[in-house]
Amino acid sequence: MNLSDLNKIAQAMVTPSKGILAADESSGTIKKRFDAIGVDSNPDISGVILYDETIWQEAKDGTPLVKLIEQAGAIPGIKVDEGTQALPNCPGELITVGLDKLAERLKKYYERGARFAKWRAVIDIGPRIPSYTAIRTNAHALARYAALCQVAQIVPIVEPEVLMDGDHDIDRCYEVTEFALKETFQELYYQKVALEGMILKPNMAVSGKKSAKQAGIDEVAEKTVRLLRNCVPSAGPGIAFLSGGQSDEEATAHLDAMNRIGGLPWKLTFSYGRALQSAPQKAWSGRSENVAAGQQAFTHRARMNSLASQGKWKSDLETKKAA
Ligand code: 13P
């Protein structure tokens, strides 16, 4: 492992004003969707997370998609987990799978041009869950994945996602996320993962979607920053949040409010899927005459989140169209 090179990639992924596009859905239409959002020429995007199908795709002239991403100044990444399965003896809980043969797959992805990877663990909140078994087993898998990535000279994005689908309040989300992050960093230590060569992708501390008590922007920002300060060592170059089902504007406003708090030991940026893709997808709707509208919607969301990653976003910018 060359940690200095891994650190350079990790730093580049969280370059000030830039963030990561999570485009790793399993979908045959993803190439068309890429064209519709113009992802290969966006100055606010530092990296793009691809899916196994997409990483092997080529443009009409035979140029690999990964090359187009590189030419645009972004880093190609790859989702390497193979989804979730029921966790034995833990009703309603899931374990992320895909460690078998991962070392061989990482070699191929590296040769193809991937320089970072993603693995998502899913922790649900409900009556009597999550169990310690689910938190610990998922943290262990995340750490095993991260160690394999670093040996393959690929920067791991470590994503322990605590879902926001329940009726719990923000403090319950805080408590469960704290448990998941503490356990994840403990397992990363046991697997000898170098924090300088990885990126954490956490959820924010937010109220469950069905909660009657919805925390406001400042409360989310203050509690998330407090949570991260308590759980995430400062050796890591950055934290890139998932959006997790927040509205586009909420995801932007929360990131902005956190960066306005300032004085943080790591960069805070975005690695959004839905909060970057839903507006352009709606504008495009799969129709060729809407491609320009789709691209404009993507440019706008990427720009808003770029400003938020610098604490420079304002809600009235939402109404102005991106240039
Ligand atoms: P969302 O921003 O839609 O949560 O997606 C991010 C991601 O990569 C989930 O694994």
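Everything that follows concerns the structure shown earlier in this document.
Bear in mind the structure is a predicted one, so any value in this text is a computation, not a measurement.

**Q** How should the packing of helix α7 (residues 170-190) against helix α8 (residues 217-231) be read in this particular structure?
**A** What describes two packed helices is the angle between their axes and the distance between those same axes. Interaxial distance between α7 and α8 falls to 10 Å at its minimum, and their mutual angle equals 25 degrees. The angle between α7 and α8 falls in the class roughly parallel. The interaxial crossing formed by α7 with α8 has right-handed handedness. Every residue of α8 that contacts α7 at Ile170, Asp171, Tyr174, Thr177, Glu178, Leu181, Lys182 and Phe185 is listed here: Glu219, Val220, Lys223, Arg226, Leu227, Leu228, Asn230 and Cys231. Each residue belonging to the contact of α7 with α8 can be placed in one class, and the counts come to eight nonpolar, two polar and six charged.

**Q** Can you help me understand the site of the ligand in this one?
**A** Near the ligand the following residues occur: Ala22, Lys118, Arg120, Glu159, Lys201, Leu242, Ser243, Gly244, Ser271, Tyr272, Gly273 and Arg274. Between an oxygen atom of the ligand and a side-chain N or O atom of Ser243, the distance comes to 2.4 Å. The separation between an oxygen atom of the ligand and a polar side-chain atom of Arg274 is 2.7 Å. Considering the ligand on its own, with 300 Å² of exposed area, one finds that the protein chains cover 92% of that surface. When residues of the shell around the ligand are traced back to their parent elements, those giving at least two are β6 (116-123) and β10 (267-272). Here the shell around the ligand is built from residues that sort into three nonpolar, four polar and five charged.

**Q** Whenever I open this one, the pattern of salt bridges confuses me. Can you help?
**A** Side chains carrying opposite charge are able to pair once their charged atoms draw close together. Applying the stated criterion across every chain yields a total of 16 salt bridges. A salt bridge links Arg303 to Asp44; its shortest N-O distance comes to 3.1 Å. Residue Arg303 is located in helix α11 (residues 291-308), and its partner Asp44 is located in the loop between α2 (30-37) and β2 (45-50); the two are separated by 259 residues in the primary sequence. In this structure, Lys213 and Asp169 form a salt bridge, with 3.9 Å as the shortest nitrogen-oxygen distance. With Lys213 in the loop between β8 (199-200) and α8 and Asp169 in the loop between β7 (155-162) and α7, this pair connects stretches of sequence that are 44 residues apart. Here Lys213 falls in the exposed class, since its relative accessible area comes to 56%.

Criteria and cut-off values
The written sequence of each chain sets the order in which its residues are numbered from 1. Side-chain atom pairs in this predicted model are given and counted only at pLDDT of 80 or more, local residue features only at pLDDT of at least 70, and totals for whole chains, interfaces and linings cover all residues. Where side-chain values are given, they derive from all heavy atoms of the structure, hydrogens and water being excluded. Between the N-to-C directions of two axes lies an angle of 0 to 180 degrees, each axis being a line fitted to C-alpha atoms and, for a helix, fitted only over the stretch in contact. Per the convention used, a helix needs a DSSP run of H or I reaching at least four residues, while a strand needs a run of E reaching at least two, with both numbered from the N terminus. When an angle is under 35 degrees it counts as roughly parallel; over 145 it counts as roughly antiparallel; between 65 and 115 it counts as roughly perpendicular; any other value is oblique. Each crossing gets its hand from how the near helix is turned against the far one by less than a right angle, where anticlockwise is left-handed and clockwise is right-handed. Residues are treated as being in contact if the distance between any of their heavy atoms lies within 4.5 Å. Classes in brief: Ala, Val, Leu, Ile, Met, Phe, Trp, Tyr, Cys and Pro nonpolar; Asp, Glu, Lys and Arg charged; the others, Gly included, polar. Throughout, near means a residue has at least one heavy atom within 4 Å of the molecule or strand. Polar contacts, as used here, are pairs of N or O atoms within 3.5 Å; protein pairs need one atom able to donate a hydrogen and one able to accept it. Residues neighboring in sequence count only if both atoms are side-chain atoms. All accessibility values rest on the Shrake-Rupley procedure with a 1.4 Å probe; residue burial counts only the protein chains present in the view. Criterion for a salt bridge: a side-chain nitrogen of Lys or Arg within 4 Å of a carboxyl oxygen of Asp or Glu. Per-residue accessibility, obtained with a 1.4 Å probe over protein chains only, is compared with the maximum for each type, and a residue is labelled buried under 20%, exposed over 50%, and partly exposed between these values.

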